[in-house]
There are 2 protein chains.
Amino acid sequence: MKYTETKTFTFAHSPDEMTLKSGVKLGPITLAYETYGELNKDRSNAILVFHALTGDAHAAGWHDGAKNPGWWDGMIGEAKAFDTSKYFVICANVIGSCKGSTGPASIDPKTGKPYGLSFPVVTIEDMTVSQKYLIDHLKIKKLFACVGGSMGGLMALKWSVLFPETVHSVLLIATNYRHTAQQIALHEVARQAIMSDPSWYGGDYYGKGLPARGMAVSRMIGHITYMSEKSMEAKFGRKLIAKEKLGYDFSHDFEVENYLKYRGDSFVQRFDANSYLYLSKALDYFDLSEEGDLTAVLKNVKAKVLIITFTSDWLYPSYQSKQMVKAFKANDVEVSFVEIDTNYGHDSFLVEIESQSKLVKHFLDNVAKDVLL
Amino acid sequence: MKYTETKTFTFAHSPDEMTLKSGVKLGPITLAYETYGELNKDRSNAILVFHALTGDAHAAGWHDGAKNPGWWDGMIGEAKAFDTSKYFVICANVIGSCKGSTGPASIDPKTGKPYGLSFPVVTIEDMTVSQKYLIDHLKIKKLFACVGGSMGGLMALKWSVLFPETVHSVLLIATNYRHTAQQIALHEVARQAIMSDPSWYGGDYYGKGLPARGMAVSRMIGHITYMSEKSMEAKFGRKLIAKEKLGYDFSHDFEVENYLKYRGDSFVQRFDANSYLYLSKALDYFDLSEEGDLTAVLKNVKAKVLIITFTSDWLYPSYQSKQMVKAFKANDVEVSFVEIDTNYGHDSFLVEIESQSKLVKHFLDNVAKDVLL
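Overview of the structure. Because the structure is predicted, anything quoted here is derived from the model rather than measured.

It is worth spelling out the overall build of chain A at this point. The helix and strand inventory of chain A stands at 11 helices and 14 strands. Relative to the globule expectation of 21 Å for 373 residues, the C-alpha radius of gyration of chain A, 21 Å, shows essentially globular dimensions. Dimensions of chain A, computed from C-alpha atoms along their principal axes, come out at roughly 65 × 50 × 50 Å. Buried residues in chain A amount to 60% of all 373 residues. Here the analysis covers contacts within chain A between residues at least 6 apart in sequence; of these, 73% occur between residues at least 24 apart. Seen as two clouds, the 41 positive and the 43 negative side-chain charges of chain A have centres 2 Å apart.

Following this line, the structure appears as structure tokens:
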């Protein structure tokens with residue numbers, strides 16, 4: 001087996017900086033990315049995959065010595081939905097994250113210390129634009145497709161609007177075109193949990209420790225929103241943790257409590273708290289319509305579009321995607337919409353491999369007829 | 001206007017203690033309670049109202065100098081749903097709370113100091129049984145009705161099973177018969193937020209300060225679950241706080257963020273953190289069926305039952321009440337079920353006054369035909 005490796009690309013613009021949506025300049029910017037499959041001769045078979053909030057560039061395959069494959073390995077690979085015998089698949093870690101791309105935990109070249117909260121607030125647009133530089137660097141003029149679930153879906157959608165001439169098709173999964181009050185509220189609680197932890201030190205905790213308790217609480221909230229009421233009930237119900245009966249104290253009684261603690265604690269080790277603040281903020285800031293007319297915003301979209309939602313996803317409910325379908329249709333964009341019936345909630349985009357694969361393959365095959373010779 | 005006042009009743013059993021479900025003894029126990037209207041000659045017109053998690057005995061009327069009336073003033077009073085010209089309405093603060101009844105912030109007579117975490121874990125059953133002593137004290141043999149929304153509904157349900165001969169009718173609103181994995185999970189996050197605050201001091205913060213940050217975060221989570229996606233969107237959407245544009249920093253941008261902070265901060269002042277732990281635990285422990293057959297558990301229920309749910313209540317979804325309806329019907333209990341179409345989420349039981357009043361009046365009038373002369 002060939003192991004996959006993460007590469008990096010650092011912008012070398014003059015003057016080494018990118019102007020962000022806020023007006024602030026950031027640079028140099030490094031993007032960590034992986035690729036799978038081979039770019040064809042006319043460079044027309046590239047698919048750009050955008051990851052979700054806590055994801056990374058390692059979308060598929062295995063790293064040497066790893067216990068798990070990439071986060072979307074079920075979807076990307078030979079004979080899989082994104083078939084690497086046909087397509088050249090790219091996934092880059094977003095700026096603001098902590099998985100190899102420039103983010104708040106990176107060293108600020110001006111001070112020689114981690115940015116912390118001096119890192120500028122980045123937006124979904126900034127994250128998307130930075131990856132356009134990577135695609136240019138790879139000498140790809142037009143993507144066969146760009147695709148994302150959850151936060152990745154916002155980026156794929158943004159790409160279709162920012163760079164309409166550079167993409168043949170767009171796949172938007174379990175996503176939205178603007179963060180709603182509830183989505184903002186849930187993120188704000190997670191942020192407050194982190195920022196309330198005295199070990200957060202105003203974002204300047206690097207080298208001192210970790211805001212571990214706040215991070216764990218924020219992740220627990222996250223996990224509840226990624227599952228559904230039904231999937232939690234099916235997985236845990238009221239099962240007790242190796243106990244004959246209730247403990248009548250404040251230790252854990254129920255498996256669901258232990259599970260959340262486990263997910264919370266392990267998250268502390270694998271993700272940077274400040275990155276969580278920055279990326280959740282980027283999501284909350286996202287409003288493709290910018291309080292205006294969504295249909296008008298989508299008027300230059302040239303790509304064919306596939307939108308997938310999941311019945312039990314209460315974090316990004318289907319009705320939001322249906323509004324997008326309507327706006328695409330009003331622009332005569334060729335859009336397919338499928339709502340998959342499942343209990344797995346928002347996490348479905350990571351676990352509903354078979355049902356998604358069928359839809360994705362069929363959609364890509366159709367696009368391929370026009371694009372690939 | 002006549003102001004309402006909170007009275008107290010302290011158990012004077014020998015040996016002054018009540019044995020809790022856990023086997024632990026607690027006592028003496030004080031219950032704070034209020035009454036509205038007059039008890040009739042044959043003591044047959046008493047309605048016992050149970051409050052929700054952070055509620056109190058002050059269900060209706062005005063306290064001298066108060067800015068707001070009792071928490072269910074829209075429902076209780078002359079010519080209102082629970083018409084105090086006909087009925088004698090009682091509401092007591094639950095044990096474990098901090099609104100006048102014995103709870104973790106009360107002084108332990110054995111030590112002369114606040115109980116803190118040495119207060120025993122109480123259950124919905126314990127809370128219900130303790131109020132039976134109050135009803136006995138008031139020399140009421142049989143209640144005309146008992147009623148509760150949310151946690152109060154669990155208590156009303158428990159009463160109907162524990163003391164079937166002592167109640168003519170039961171009203172269960174926005175409630176459930178067993179806490180599900182998601183309900184437990186949401187509470188556990190709130191508890192972890194409190195217990196992660198260094199100012200919680202293992203529950204021993206009395207006289208030292210307050211675990212204010214943890215409390216605020218836990219309340220923010222609570223508020224999201226009490227509203228619905230639609231009601232949050234209608235109330236806040238993406239409205240900015242007196243700003244022309246996004247701030248590109250980690251201060252608040254959106255009204256929904258400010259609102260949650262306000263609700264979180266004000267909660268710190270009005271509720272005891274340990275009480276929140278105890279009452280949320282009592283809720284999570286609640287399983288009327290005790291993993292058994294709900295129908296069998298309800299077999300001795302004699303009361304007429306009205307169950308009300310709300311379409312947008314995702315914390316206590318209607319399907320759970322429908323399971324109760326089925327189990328009541330299997331026991332030939334006269335049960336009416338109404339799902340009110342509203343966007344107000346779980347909070348509906350506090351705000352949907354008109355629609356609930358209509359149902360409640362009609363139901364009580366029917367019961368009155370048989371009970372009141």
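So much for the structure itself; the text now carries on.
The final tally for this structure, using the stated rule, is 29 aromatic pairs over all chains. Here the aromatic rings of phenylalanine 254 of chain A and tyrosine 285 of chain B are separated by 6.3 Å at their centres, their planes lie at 75°, and the arrangement is edge-to-face. Taken together, the positions of phenylalanine 254 of chain A in the loop between helix H5 (229–235) and helix H6 (255–270) and tyrosine 285 of chain B in helix H7 (residues 273–285) put the pair across two chains. Given the relative accessible area of 1%, phenylalanine 254 of chain A is considered buried. Put simply, the rings of Tyr115, Phe119 and Tyr278 of chain A together with Phe250 of chain B touch in pairs and so form one group of aromatic residues. Over the ring of tyrosine 201 of chain A we find lysine 208 of chain A, and its NZ or CZ is 4.9 Å from the ring centre.

Compared with an ideal rise of 1.5 Å per residue, which puts 14 residues at 20 Å, helix H1 (residues 124–137) of chain B spans 20 Å between its outermost C-alpha atoms and is within 8% of the ideal. Backbone geometry just after H1 of chain B places lysine 139 of chain B at a positive phi near 60°.

All right, on to the relation of the copies chain A and chain B then. If you rotate chain A by 180° and push it 0.0 Å along the axis, it lands on chain B with an RMSD of 0.0 Å. A rotation of that kind, with that shift, is consistent with a two-fold axis. The overlap is high: 100% of the interface residues of chain A also sit at the interface in chain B, so the same surface is used on both sides.

Closest axis-to-axis distance for the helix H3 (residues 181–195) of chain A/helix H6 (residues 255–270) of chain B pair is 9 Å, and the angle between their directions is 50°. As judged from the angle between their axes, H3 of chain A and H6 of chain B are oblique. H3 of chain A and H6 of chain B meet at a crossing whose hand is right-handed. For the pair H3 of chain A and H6 of chain B, contact is made by Ala181, Ile184, Ala185, Glu188, Val189 and Arg191 of chain A and by Val256, Glu257 and Leu260 of chain B, respectively. When the residues that make up the contact of H3 of chain A with H6 of chain B are grouped by side-chain class, the tally is six nonpolar, no polar and three charged.

Time to look at the pairing of strand E12 (residues 169–173) of chain A. Residues and elements named next belong to chain A. Within E12, five of the five residues are buried, which leaves it mostly tucked inside the rest of the structure. Every second residue of E12 is oriented toward a common face, with Ser169, Leu171 and Ile173 on one face and Val170 and Leu172 on the other, all of them buried. In the sheet, strand E11 (residues 145–149) pairs with E12 via four bridges, with the strands oriented parallel. Bridge assignment links valine 147 to a residue of E12, and that residue is leucine 171. As for the winding sense of the linkage, the β-α-β connection from E11 through helix H2 (residues 151–162) to E12 is right-handed. Where E12 and strand E13 (residues 304–310) come together, five bridges link them in parallel fashion. Of the residues in E13, the one forming a bridge with leucine 172 is isoleucine 307.

Once that is clear, we can look at the sheet that holds strand E8 (residues 88–92) of chain B. Residues and elements named next belong to chain B. In spatial order, the strands read E1-E4-E8-E5-E11-E12-E13-E14; together these eight strands make up an open sheet with mixed pairing. A strand with exactly one partner marks an edge of an open sheet, and here the two such strands are strand E1 (7–10) and strand E14 (335–340). Taking each pair of neighbouring strands and ignoring which way they run, the sheet shows an average axis angle of 20°. Pairing between E1 and strand E4 (residues 30–36): four bridges, direction antiparallel. Bridge pairing links threonine 10 to threonine 30 in E4. Sitting on the sheet, H1 is in contact with E1, E4, strand E5 (46–50) and E8, with an inclination near 55° to E4.

On to the pattern of salt bridges. Between side chains of opposite charge, a pair can form when the charged atoms approach closely. Following the criterion strictly, the structure yields 40 salt bridges over all chains and no others. When the shortest N-O distance is used, the salt bridge between glutamate 290 of chain A and lysine 21 of chain A registers 2.6 Å. Of the two residues, glutamate 290 of chain A is situated in the loop between helix H7 (273–285) and helix H8 (294–297) and lysine 21 of chain A in the loop between strand E2 (18–19) and strand E3 (25–26); the sequence distance between them amounts to 269 residues. The partner of lysine 21 of chain B in a salt bridge is glutamate 125 of chain B, and the shortest N-O contact between them spans 3.7 Å.

On to the packing of H3 of chain A against helix H4 (residues 212–226) of chain A, then. Residue and element names in this part refer to chain A. Look at H3 against H4: their axes get within 7 Å of each other, and the N-to-C directions meet at 160°. In terms of axis orientation, H3 runs roughly antiparallel to H4. Along this stretch, H3 crosses H4, giving a crossing that reads as right-handed. Note on element contacts: H4 touches H3 through Gly214, Met215, Val217, Ser218, Ile221 and Thr225, opposite Leu186, Val189, Ala190, Ala193 and Ile194. Here the contact of H3 with H4 is composed, by residue class, of eight nonpolar, three polar and no charged.

Calculation notes
Residues numbered from 1 in each chain as written. Chains lettered and ligands numbered in written order. Predicted model: local features only at pLDDT ≥ 70, side-chain atom pairs only at ≥ 80, totals over all residues. Heavy atoms only, no water. Helix = DSSP H or I, 4+ residues; strand = E, 2+ residues; numbered from the N terminus. Rg over C-alpha atoms; globule rule 2.2 N^0.38 Å. Buried < 20%, exposed > 50% of the residue type's maximum accessible area, 1.4 Å probe, protein only. Contact = heavy atoms within 4.5 Å. Lys, Arg positive; Asp, Glu negative; His and termini not counted. Charge placed at Lys NZ, Arg CZ, Asp CG, Glu CD. Phe/Tyr/Trp six-rings, centres within 6.5 Å; stacked < 30°, edge-to-face > 60°. Lys NZ or Arg CZ within 6 Å of the ring centre and 35° of its normal. Expected span 1.5 Å × (residues − 1). Least-squares fit on C-alpha atoms with pLDDT ≥ 70 in both. Axes fitted to C-alpha atoms, helices over the stretch in contact; angles between N-to-C directions. Parallel < 35°, antiparallel > 145°, perpendicular 65-115°, else oblique. Left-handed = near helix turned anticlockwise from the far one by under 90°. Nonpolar A, V, L, I, M, F, W, Y, C, P; charged D, E, K, R; others polar. Pairing = 2+ DSSP bridges. Right-handed = clockwise from strand over helix to strand, strands pointing away. Salt bridge = Lys/Arg side-chain N within 4 Å of Asp/Glu carboxyl O.

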